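Here are the chains, one letter per residue:
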Amino acid sequence: MRVLDDGTVIVAAPGTTRLIVARAAFEHDLAVAADTALTGGDRYLFRPGRTAAYAKNLVASWTWAHRPTGTLPPLSARRLRADWIVELLSARIDLTVVAAAAGLAPSALARYSHFVPPLDTRTATELLRGR
């Protein structure tokens, strides 16, 4: 993970060329966590102190280990990813950009389309007119 001068947090996925950029709302917290991981010595953002350099289901394992208590619903890596994709699609970010960041083919995003709210008439009209 890199923090750019403007505060943008870029997440590097080893072995891929995907561009993964953290959402602005999470930049500060991720930057602090990354700094803690670097200064703490083991350089692992999720599951510090682990011994294996690679874990097959790292985020899924992390969400399992950090289950909320009380009436809060359990965390699910799959649902978190789906929420992230729907948020990007709802912001009308280009499908190919979202698909590339998610490591999917653009056609795979179709399954999320029914969760994306429709545009209001004014915005739809402006887009269709080319403005």
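Residues numbered from 1 in each chain as written. Predicted model: local features only at pLDDT ≥ 70, side-chain atom pairs only at ≥ 80, totals over all residues. Heavy atoms only, no water.

Caption draft 1: Highlighting the side chain of E27. Mapped onto the secondary structure, E27 falls in helix α1 (residues 24-40). Summary of buried charges: E27 has no salt-bridge partner, and the nearest side chain of opposite charge, R23, is 9.1 Å away. (Helix = DSSP H or I, 4+ residues; strand = E, 2+ residues; numbered from the N terminus. Buried < 20%, exposed > 50% of the residue type's maximum accessible area, 1.4 Å probe, protein only. Lys, Arg positive; Asp, Glu negative; His and termini not counted. Salt bridge = Lys/Arg side-chain N within 4 Å of Asp/Glu carboxyl O.)

Caption draft 2: Summary view of the pattern of salt bridges. Within the structure shown, the criterion is met by 2 salt bridges. As a salt-bridge pair, R23 and E87 come within 3.2 Å of each other at their nearest N and O atoms. In this pair, R23 is assigned in the loop between β3 (20-21) and α1 and E87 in helix α3 (residues 77-90), connecting sequence segments 64 residues apart. The exposure class of R23 is partly exposed, given its relative accessible area of 26%. Residue E87 is classed as partly exposed on the basis of its relative accessible area of 37%. Residue E126 is joined to R122 by a salt bridge in which the shortest nitrogen-to-oxygen separation is 3.3 Å. Taken together, the residues E126 and R122, both in helix α5 (residues 121-129) and 4 residues apart, mark about one turn of the helix.

Caption draft 3: Quick look at the confidence of the model for the protein. A residue-level look at the protein finds 80% of positions with pLDDT of 70 or above and a mean pLDDT of 82. The weakest mean pLDDT in the protein belongs to helix α2 (residues 58-65) at 65; the strongest belongs to helix α4 (residues 95-102) at 93. (pLDDT = per-residue confidence, 0-100.)

Caption draft 4: Representation of α4 in the model. Restricting attention to buried positions, one finds in α4 the residues V98, A99, A101 and A102. The arc enclosing the buried residues of α4, seen along the axis, measures out at 165 degrees, which places them on a common side. Packing partners of the buried residues in α4 comprise β3 and α3. A positive backbone phi angle near 75 degrees is found at G103, which sits one or two residues after α4. (Arc of directions from axis to C-beta. Contact = heavy atoms within 4.5 Å.)

Caption draft 5: Spotlight on the nonpolar core. Judged by nonpolar contacts, I85, V86, L88, L89, V98, A99, A102, L109, Y112 and V116 together constitute the single largest core of 10 residues. Among the secondary structure elements, those contributing two or more residues to this core are α3 and α4. Excluding anything up to four places from it in sequence, L89 contacts L95, V98, L109, Y112 and V116. (Core = buried A, V, L, I, M, F, W, Y, C linked by side-chain atoms within 4.5 Å.)

Caption draft 6: Representation of the environment of D120 in the model. Position of D120 relative to the elements: it lies in the loop between α4 and α5. Overall, the relative accessible area of 45% leaves D120 in the partly exposed class. At 3.2 Å, the side chain of D120 forms a polar contact with the backbone nitrogen of R122. (Polar contact = N/O pair within 3.5 Å; in protein donor to acceptor, adjacent residues only side chain to side chain.)

Caption draft 7: Up close: α5. Burial within α5 is sparse, with just 0 of its 9 residues counted as buried. Taking the backbone nitrogen of R122 as reference, a side-chain oxygen 3.2 Å away marks D120 as the first, capping residue of α5. A positive phi of about 95 degrees marks G130, the residue just after α5.

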